[in-house]
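Structural description and commentary
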Amino acid sequence: MINIVLYEPEMPANTGHIGRTCVITGAKLHLIEPLGFHLSEKAVKRAGLDYWPRLNYERYLDYNDFLEKNPAAAGNMFFATTKAKNRYTDVNYTDGCYIMFGKESAGIPEEILVEHPDSCVRIPMMPEERSLNLADSVAIVTFEALRQMDFAGLETSGELHRLSW
């Protein structure tokens, strides 16, 4: 299992989409407050569809509360940021790792990033562009981490509904 950490998320629809991705992949979602919305908002539930009730998630008062309640995160966390020198494909993700994503408007605070330069990862993009949508970024990095773990525990083949292969 991997752990997705959202630092002060602001957009309910993105959080709903990320929650759905977590359910689909078996990841746990960690929400570091303050949230820019209420989890009961329609946008969260609309984006998360009927997956939201099955979401394994926890909320934290702040970053220190998160660290206190998740000691395994120390030394086992990656920080997704446009400011990183490493690509998200350049690191080795392991079972139980944590991947933090920042809030839409400002990302992860530089005070946190500067303490973990080798654990910061980025998704390559055009130089003049700011960033991808947060939910898209979470999906991209999550599936790379799962690919590196050979998609352990996930169904890797499917069947047609009406016809046969």
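Whatever comes next refers back to the structure up there.
Right, let's walk through the structure included here. Bear in mind the structure is a predicted one, so any value in this text is a computation, not a measurement. (Residues numbered from 1 in each chain as written. Predicted model: local features only at pLDDT ≥ 70, side-chain atom pairs only at ≥ 80, totals over all residues. Heavy atoms only, no water.)

Attention shifts here to the sheet that holds strand β3 (residues 57–60). In spatial order, the strands read β3-β2-β1-β6-β4-β7-β5; together these seven strands make up an open sheet with parallel pairing. What marks the edges here is a single partner per strand, and that holds for β3 and β5 (86–87). Pairing of strand β1 (residues 3–7) with strand β2 (residues 28–32), which is carried by five bridges, proceeds in the parallel orientation. Across the sheet, Asn-3 pairs through a bridge with Lys-28, a residue of β2. Those strands touched by helix α5 (residues 134–148) are β1 and β6 (98–101), and its axis lies near 160 degrees from that of β6. (Pairing = 2+ DSSP bridges. Helix = DSSP H or I, 4+ residues; strand = E, 2+ residues; numbered from the N terminus. Contact = heavy atoms within 4.5 Å. Axes fitted to C-alpha atoms, helices over the stretch in contact; angles between N-to-C directions.)

Let us now look at the layout of surface pockets. Taken as a whole, the largest pocket holds about 470 Å³ of empty space. Along the walls of the largest pocket sit 24 residues, with Thr-81, Thr-82, Gly-107, Ser-131 and Leu-132 positioned nearest its centre. Elements with a minimum of two residues in the lining of the largest pocket: β7 (120–122) and α5. Counting residues per element, the lining of the largest pocket draws most heavily on α5, at three residues. Here the residues of the lining of the largest pocket are counted per class, giving ten nonpolar, nine polar and five charged. Taken as a whole, the second largest pocket spans an internal volume of roughly 200 Å³. Thr-81, Lys-83, Ala-84, Lys-85, Asn-86, Glu-110, Leu-113, Val-114, Pro-117, Asp-118 and Cys-120 together form the lining of the second largest pocket. When the residues that make up the lining of the second largest pocket are grouped by side-chain class, the tally is five nonpolar, two polar and four charged. (1 Å grid on protein atoms, 1.4 Å probe; cavity = no way out; pocket = protein on both sides within 12 Å on 5 of 7 lines; lining within 4 Å. Points joined across faces, edges and corners; volume = space filled by probe spheres on them. Nonpolar A, V, L, I, M, F, W, Y, C, P; charged D, E, K, R; others polar.)

Turning our attention to helix α1 (residues 12–25). Here α1 spans 20 Å end to end across 14 residues, near enough to the 20 Å set by a 1.5 Å rise per residue. Along α1, the residues that are buried comprise Pro-12, Asn-14, Thr-15, Gly-16, Ile-18, Gly-19, Thr-21, Cys-22 and Thr-25. Looking one or two places after α1, you find Gly-26, whose phi comes out positive at around 80 degrees. (Expected span 1.5 Å × (residues − 1). Buried < 20%, exposed > 50% of the residue type's maximum accessible area, 1.4 Å probe, protein only.)

Per the stated rule, a full pass over the model turns up five aromatic pairs. Taken together, a centroid distance of 5.9 Å and an interplanar angle of 35 degrees make the contact between Trp-52 and Tyr-57 tilted. A residue is classified by how much of its surface remains accessible, and Trp-52, at 8% relative accessible area, is buried. Among the aromatic residues, those joined into a cluster by ring pairs are Tyr-60, Tyr-63, Phe-66 and Tyr-98. (Phe/Tyr/Trp six-rings, centres within 6.5 Å; stacked < 30°, edge-to-face > 60°.)

Moving on, we get to the pattern of salt bridges. Tallying each qualifying case throughout the model produces six salt bridges. In this structure, the salt-bridge partner of Lys-69 is Asp-65, at a minimum N-O distance of 3.1 Å. Taken together, the residues Lys-69 and Asp-65, both in helix α3 (residues 63–69) and four residues apart, mark about one turn of the helix. Of the charged contacts in the structure, one is a salt bridge between Glu-144 and Arg-147, with a shortest N-O distance of 2.8 Å. Remark: Arg-147 and Glu-144 occur in helix α5; sequence separation between them is three residues, near one turn of the helix. (Salt bridge = Lys/Arg side-chain N within 4 Å of Asp/Glu carboxyl O.)

Turning to the pairing of β6, a few remarks are in order. Side-chain alternation along β6 places Tyr-98 and Met-100 on one buried face and Ile-99 and Phe-101 on a second face that is also buried. Sheet analysis places β1 next to β6, joined by four bridges and oriented parallel. Its bridge partner lying in β6, Asn-3 is registered against Tyr-98. Bridge count between strand β4 (residues 77–80) and β6: four bridges; the pairing is parallel. Bridged to Phe-78 within β6 is Ile-99.

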